[in-house]
Amino acid sequence: MTDAHPAFSLEGQVALVTGGSQGIGLGIAEALGGAGARLLLVSRRKAKGEEAASALAARGITALPLAGDVSRQAEADAAVARALREWGRLDILVNNAAVLTRKLAQEMTEAELDRELAINVKGVFFCAVAASRPMMARRRGKVVNLASVGALIGLPERAFYSATKAAVAQLTRSLALEWAPHGINVNAIAPGFVRTDINRAYLEADPARLQRILAQIPWGRPGTPQDIGPLALYLASPASDYVTGQTFVIDGGWTIA
Ligand SMILES: NC(=O)c1ccc[n+]([C@@H]2O[C@H](COP(=O)([O-])OP(=O)(O)OC[C@H]3O[C@@H](n4cnc5c(N)ncnc54)[C@H](OP(=O)(O)O)[C@@H]3O)[C@@H](O)[C@H]2O)c1
């Protein structure tokens, strides 16, 4: 990082990115790593994490993969402990891991609801609480949560997922208040349609449907993980020190149309 504004530098800092093995999480890892952060990437599938860490290493970014399930509190705690053991500090948490079951409400099973709740809400909470301890000790830290436009508008076939994302936006506000006296910023990103594994099959199965979705997006295309990374960098860096409790929409104008 040579000519960027110094407030965007993460030199010397350590970031934990959940779901950093692919998609938006990997786009965020590229942005934070490119600004100088060392990264711990937590996801369940070990091989995907290793693949992502190698791709980042090829770009000169230090990234360690860790197999873990954020919906288990002990594994969230273990991820934070690993970052501390490896590098002695944790400056940034990106709570990005989530799952989506796309179905009509009447078809959702109890097990599917439990899974979304456990990963999308409890996982965010467990990781945030685990990360807040070393952050409080240093009186500084950045938590960036991935919500969704579903936190703000209704989304058919994603009623419960949207509710989990509204919960993330609400956790963002409440934790921001609780932790402001300790120097920890908590903010959220609400992406619109970003082409990743979470929706690729759905977007590509029906070209006419894809065209209808694109017609609703003023920018005329789906987002990419690289569209999201720079906003996460802003929220993870000293540039956003006076920003907390907010949810930032990044959707090519979809929700203003
Ligand atoms: N793509 C979109 O259009 C869009 C729009 C709005 C919001 N978002 C949000 O953006 C975030 C990233 O989504 P994405 O589109 O990049 O999805 P994705 O491609 O499906 O990636 C999800 C990531 O989360 C990990 N993960 C899932 N469950 C986990 C668990 N229990 N513990 C640890 N890691 C877990 C996955 O790895 P493993 O499966 O190996 O665990 C993967 O790395 C999510 O919070 C999503 O809700 C996405």
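Reading the values: the criteria
Residues numbered from 1 in each chain as written. Predicted model: local features only at pLDDT ≥ 70, side-chain atom pairs only at ≥ 80, totals over all residues. Heavy atoms only, no water. Near = heavy atom within 4 Å. Polar contact = N/O pair within 3.5 Å; in protein donor to acceptor, adjacent residues only side chain to side chain. Areas by Shrake-Rupley, 256 points an atom, 1.4 Å probe, with all protein chains shown as cover. 1 Å grid on protein atoms, 1.4 Å probe; cavity = no way out; pocket = protein on both sides within 12 Å on 5 of 7 lines; lining within 4 Å. Sits in = over half its atoms within 2 Å of the grid points. Helix = DSSP H or I, 4+ residues; strand = E, 2+ residues; numbered from the N terminus. Nonpolar A, V, L, I, M, F, W, Y, C, P; charged D, E, K, R; others polar. Salt bridge = Lys/Arg side-chain N within 4 Å of Asp/Glu carboxyl O. Buried < 20%, exposed > 50% of the residue type's maximum accessible area, 1.4 Å probe, protein only. Core = buried A, V, L, I, M, F, W, Y, C linked by side-chain atoms within 4.5 Å. Contact = heavy atoms within 4.5 Å.

### Points about the site of the ligand
- Taken together, the neighbourhood of the ligand is formed by 30 residues, with Ser 21, Arg 44, Asn 96, Tyr 161 and Thr 196 sitting nearest.
- Within the backbone of Val 70, one N or O atom sits 3.0 Å away from a nitrogen atom of the ligand.
- With respect to the ligand, the backbone of Gly 192 contributes an N or O atom lying 3.2 Å from an oxygen atom.
- Burial of the ligand by the surrounding chains reaches 95%, relative to a free accessible area of 890 Å².
- Most atoms of the ligand, that is more than half of them, are within 2 Å of grid points of the largest pocket.
- Within the residue set of the shell around the ligand, elements represented by two or more residues are helix H1 (23–34), strand E2 (38–43) and helix H5 (159–179).
- Across the shell around the ligand, the residue classes tally to 14 nonpolar, eleven polar and five charged.

### Overview of the pattern of salt bridges
- Taken as a whole and assessed by the stated rule, the structure comprises 13 salt bridges.
- One salt bridge in this structure joins Asp 91 and Arg 138, with 2.9 Å as the shortest N-O distance. Of the two residues, Asp 91 is situated in the loop between helix H3 (73–87) and strand E4 (92–95) and Arg 138 in helix H4 (residues 110–138); the sequence distance between them amounts to 47 residues.
- Taking the relative accessible area as the measure of exposure, Asp 91 reaches 6% and is therefore buried.
- Linking Asp 197 and Arg 200 is a salt bridge whose minimum nitrogen-to-oxygen distance equals 3.3 Å.

### Thoughts on the nonpolar core
- Grouped together as the largest cluster of nonpolar side chains are 31 residues, with contacts concentrated most on Ile 28, Leu 32, Leu 39, Leu 41, Leu 56, Val 94 and Ile 189.
- Elements that contribute at least two residues to this core include exactly strand E1 (14–18), H1, E2, helix H2 (46–57), E4, strand E5 (141–146) and helix H8 (225–236).
- Contact partners of Leu 39, with chain neighbours within four places excluded, come to Ala 15, Val 17, Ala 29, Leu 32, Gly 33, Leu 56, Ile 61, Thr 62, Ala 63, Leu 64 and Trp 87.
- Counting residues in each nonpolar core, the second largest holds 29 residues, with Ile 119, Ala 128, Ala 130 and Ala 131 among its members.

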